[in-house]
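Examining the three-dimensional arrangement
The chain contents come next:
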Amino acid sequence: MIHKQAFSDPARERRIFARRLIFSMFAMLLMGLLIISRYFDLQINQFQDFATDSDNNRVHVRPAPPTRGIIYDRNGEIIADNRPTSNLAIIRERAGDLDQLITKISSLITLSDDDIKRFYTRLKRQKPFEPTPLKFNLTEKEQAILAVNQHILEGSKISATLTRFYPKRDLFTHVVGYVGRINERESNTIDDIAYSGTDSIGKTGIEKFYEDSLLGQVGSDQVETNARGRVMRVLDKVSPTPGSDLQLHLDSQLQQVAYEAFSGGRGALVAIEIETGGVLAMVSAPSYDANSFVSGISQKDYDALLNSPDKPMFNRSLRGQYPPGSTIKPLFGLIGLQSRSITTSTTIEDPGYFLMEGIERPWRDHNSERGGHGKGVDLAMAIVESCDVFFYTMGVKIGIDTLATSSQVFGLGKKTDIDLPGERPGIMPSRIWKKQARGASWFIGDTINVSIGQGFMLTTPLQLAVMTARIASRGNLIQPQIVKAIDGVKNPALKVAERPNISDEYWDYIHDSMRDVVHSTKGTARGINKHLTYTMAGKTGTAQVISINANEEYDRSKISERQWDHALFVAFAPVENPKIAIAIIVENGEHGSSVAAPIAKTVIDAYFKSTAPKNNNQTLASTKVSYSKSSGGDDADAKQ
Amino acid sequence: MRNNDFVRRIKSPGGDRKKSGSTHIDFPLLILLLALCVFGLLVLYSAGGQDLSYIKRQATFMVVGFCLMFVVAQFEVRYWEKWAFVFYSLGLLLLFAVLLFGVGAKGAQRWLDIGFTRLQPAEFMKVGVPLMLAAYLSNRFIPPTLKHTSWAMAMILLPAVLIVRQPDLGTALLVFFSGFLTLFLAGLGLRYLILTFLTSIAAVPIMWNFVLLDYQKQRILTLLSPEQDKLGSGWNIVQSKTAIGSGGLNGKGWTEGTQSQLNFLPESHTDFIIAVLGEEFGLIGILTLLTLYALVIARCSFIALNAQSQFGRLLAGSLGLIFFIYVFVNMGMVSGILPVVGAPLPMISYGGTAILTLFIGFGLLMAISTEPNRMRKVL
């Protein structure tokens, strides 16, 4: 085929060329067929597989977060809802130089260092095409400024989102709580699917306890995304189910009255509707604005709350554990009667102190400086005038074992199981408790201390309110509850087992004694009975903050205000047909009679004022005539 | 065959040839090229995300390309033969210039910035090398002797090595092929073919260890198992196969291809544009394009077989063949049967220099097709 040839032979050259070209054309044909078969294989044989792959590539399911349930008070007033707010966000992908953009923005509107710091923290967790919030809750002015300057703020975006809002600000913070951004610890425990698209979670209070109901059910958008995950269009939608709306037993107006009654002081109040166990008001003062936590609180503000000597973040009504002091006396009296340690005719002599055989140190009565209550002190008088010596004597007789077990039935020493997180159980001391907690044996002196609600004994204001409600309802095991209905369906109460078996005679006796605390001329809370349009049963109390030597007198001038005694008051009304039970503690208020009791009057007045028109066929209506606004604490003090 | 040649000779210098001689335009080729350009712009519009700026630039290059083609076609073939060495040398100079002053991206230095636009000199060598070789070999013995073959190989390898240095292995291989095909058409002896084949095989380990860069090795490994690294270097090929496969017989419709419109497909307007076509126009679109290509190549072969001079024959033949090689390499690479090398799809992929080079090539083909019959000069 190949020959050496010296001279050009055009014919032969053409022939060689033609042969080579035709060979090449065959080769091209074969290679062309290879290409065609390859594309045929991909597009015809494997079409289904690749069509599926292609859809998987582009179609994604994007969560559609539900709207959080709204919280109403018992009268339908909104306590927590969701408001559209304008937030400023930055889309990193479109922003160019971030620092420069932020500098430009901060020259237009105020940006705190905290805003910027938290922006960078959030930025790390987000994809470049997702807007990262820089500032929440823009004012209308800020929105206008940003809108006008939009052309120089490439990459920034004002977007509207639903943000939790608490119109009552600080009024319900300790009960209703607040939502906040999901933190790292929470994100490890929550169901990722249920929370996809949601960035807030209930942090405290009702918001936390009823999180599952309030959250709602996440929906989904089937969306087409590009290779970088940006959504191009929505293909299909499953709408989210909004969270359930909650109706609370709480009464906004009552809560307002109760909160204001503390007039800036420290303390707690719990009011319970006896018929249902529903909590009408629950105050822990001072409080703070729940809204400040929703979009994240600045470190400075948080530190201020945390380090305030008034401890505004501490939920006193639920977690504050105080010695109940004399407020425990009606209950212990009842236990004494029921256990037959005393009778209604048992009397003692009170010289102003109590001596226990074999113990040198005397137990003082609170009015020892006036020489005690004298001779012939019976249980009624001991309650009305709050005689400690009677209870020392009776306490020794009853014994700690009976005191402890019987008290538990009234909710002391254990959690009430209210529908709120973080409740503290208090302490109802017993032999076993002391052995376990202190590693020591029980002494008779311990019993004597407990018998007037001091010593090891601790209760929360909620427990005292529950105890009072149970006494008021003659042993009905009232279960405190905040949420009345979920989406209009009655919130089922927890079942409570045993009910104390106490004869009516004793209930009447105790109720009468407690009524006399308020209504008799010698009652410790007589200061509030003026202008009372209903009958009220109550009991004052004082809780020692520091222990005082037996031979020393309590002298307020010698100790700082923070160590003054706490003032307590428990009450229910009306005595004949109890509707409301209340427990109040005023920290360092010193006297239950002059500080705590007037608050009770204010709140109960307000309660009957609001319910009276609804119950106008009952006794209340007839006594309504001489109602006048509460005189408050000053007036009561003046009467002392 | 002799007889055929004779018949053609009688026919070709006929009257119609002289008529077209005045304008030097090959109308069948012109119509095919216009069809390809329109098709190409259509696909590019979709592939570039409906961005008109791509279309404007590409169309500008096409218009310039057509003008260049007409200009090139008007020169008689013998001038091109005479000036081949000059163009080749100029091309080499540009390649040196790229190595010295080139600009580029992703670690490669492939472009020369000439102010208003960027040029990729390596593309020009796809025509420059066959031009040079055709000129060189047509004046030598056919089939070429060892000495001439060696010189020819040197002429091929010099630019190829310069292009590998950029580095641009794909273009280097195509330049090598364009020269080698000229040699083949010139009747390169069977033993040289076998020798080249064996040398190529022997060169594989050397290339692998000393010439190929890591990313180039990666691309070859990726070809063998693209699913190994779906998000890394396998991404391109997995996505392009998905795009093509999901197009099915009829395609998803123009600008409706989700793979390309949603940016899953990388380089969708340049090297991987066939995947856009496959996705949006389906197998029917692919076959339509292949038919157009086949007709272009058939026309090139026809021109080559009817060329009046050895130079014209060799040049036309190798330009036609290399055109096919472009198509084959690109379509093979995008569909995952060849490694990913930088090889655009002729007339369709976005890229100015490639378009201009193709039109220069077609200008030469038109010059050859209208070459007047003259006495061959004899060595």
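Residues numbered from 1 in each chain as written. Chains lettered and ligands numbered in written order. Predicted model: local features only at pLDDT ≥ 70, side-chain atom pairs only at ≥ 80, totals over all residues.

1. A few points about the confidence of the model for chain B
Residue and element names in this part refer to chain B. Our working definition: How sure the predictor is of each residue is captured by pLDDT, a score from 0 to 100. Note on contacts: each residue gets a C-beta atom placed from the backbone, and two residues are in contact if those atoms are within 7 Å.
Looking at chain B as a whole, its pLDDT mean stands at 83, while 87% of the residues score no less than 70. Counted against residues more than four places away or in other chains, residues 1–21, with its pLDDT under 50, gives 14 contacts. Contacts for the low-pLDDT stretch residues 375–379, under 50 throughout, to residues beyond four places or in other chains number five contacts. Across the interface, the model reports ipTM at 0.87; the global pTM reads 0.65.

2. Quick word on the environment of I274(A)
Residues and elements named next belong to chain A. Note the threshold: Each helix is a run of DSSP H or I of at least 4 residues and each strand a run of E of at least 2, with the numbering of both proceeding from the N terminus. Around each residue's C-beta, the other C-beta atoms within 10 Å are counted; 20 or more make the residue buried, 12 or fewer make it exposed, and counts in between make it partly exposed. All C-beta atoms are placed from the backbone.
Position of I274 relative to the elements: it lies in the loop between β11 (267–273) and β12 (279–285). Its 21 C-beta neighbours within 10 Å are what place I274 among the buried residues. Once you skip the residues sitting within four places of it in the chain, I274 turns out to touch A469, A472, S473, I478, F572, P578, K579, I580 and A581.

3. So, the environment of K157(A)
Residue and element names in this part refer to chain A. Summarising the element assignment, K157 is placed in strand β5 (residues 156–165). Using a count of 18 C-beta atoms within 10 Å as the deciding quantity, one classes K157 as partly exposed. Ignoring any residue separated from it by four or fewer positions in sequence, one finds K157 in contact with A89, I91 and P131.

4. A closer look at the sheet that holds strand β19 (residues 537–543) of chain A
All names here are of chain A. Inclusion rule: When DSSP finds at least two bridges between two strands, those strands are taken to pair. Note on geometry: axes are C-alpha line fits, over the in-contact stretch for helices, and angles between N-to-C directions span 0 to 180 degrees.
Reading across from one edge, β12-β11-β21-β20-β19 is the order of the five strands in this open sheet, with antiparallel pairing throughout. Each having just a single partner strand, β12 and β19 make up the two edges of the open sheet. In this sheet, adjacent strand axes meet at a mean angle of 5° when their direction is disregarded. Here seven bridges tie strand β20 (residues 566–573) to strand β21 (residues 580–586), and the two strands are oriented antiparallel to one another. Its bridge partner lying in β21, A567 is registered against V586. The strands touched by helix α20 (residues 461–472) are β11, β20 and β21; relative to β21, the strand with the most contacts, the crossing angle is about 150°. Seen against the sheet, helix α22 (residues 592–611) touches β11, β12, β19, β20 and β21 and runs at an angle of roughly 35° to β20.

5. Quick word on the packing of helix α2 (residues 47–58) of chain A against helix α11 (residues 235–247) of chain B
Rules: Each angle is binned into one of four classes, with values under 35 degrees roughly parallel, values over 145 roughly antiparallel, values of 65 to 115 roughly perpendicular, and all other values oblique. Working rule for handedness: look at the near helix, and if it is turned counterclockwise from the far one by less than a right angle, call the crossing left-handed; if clockwise, right-handed.
At a closest axis distance of 7 Å, the pairing of α2(A) and α11(B) adopts a crossing angle of 120°. Classified by the angle their axes make, α2(A) and α11(B) are oblique. Here α2(A) runs over α11(B); the crossing is left-handed. Residues F47(A), D49(A), F50(A), A51(A), D53(A), S54(A) and N57(A) of α2(A) pack against K241(B), T242(B), G245(B) and S246(B) of α11(B).

6. Re the sheet that holds strand β8 (residues 219–225) of chain A
Strands in a sheet are paired, the pairing made by backbone hydrogen bonds, and the direction either parallel or antiparallel. Residue and element names in this part refer to chain A. Sheet architecture is open: three strands sit in the order β1-β8-β9, paired in antiparallel fashion. Taken across any chain shown, the strands that pair with only one partner, and hence form the sheet edges, are β1 (59–64) and β9 (231–238). Across the sheet, the mean angle separating the axes of adjacent strands is 35° when strand polarity is ignored. Here β8 runs beside β9; their pairing, made up of six bridges, is antiparallel. The residue of β9 that forms the bridge with Q222 is D236.

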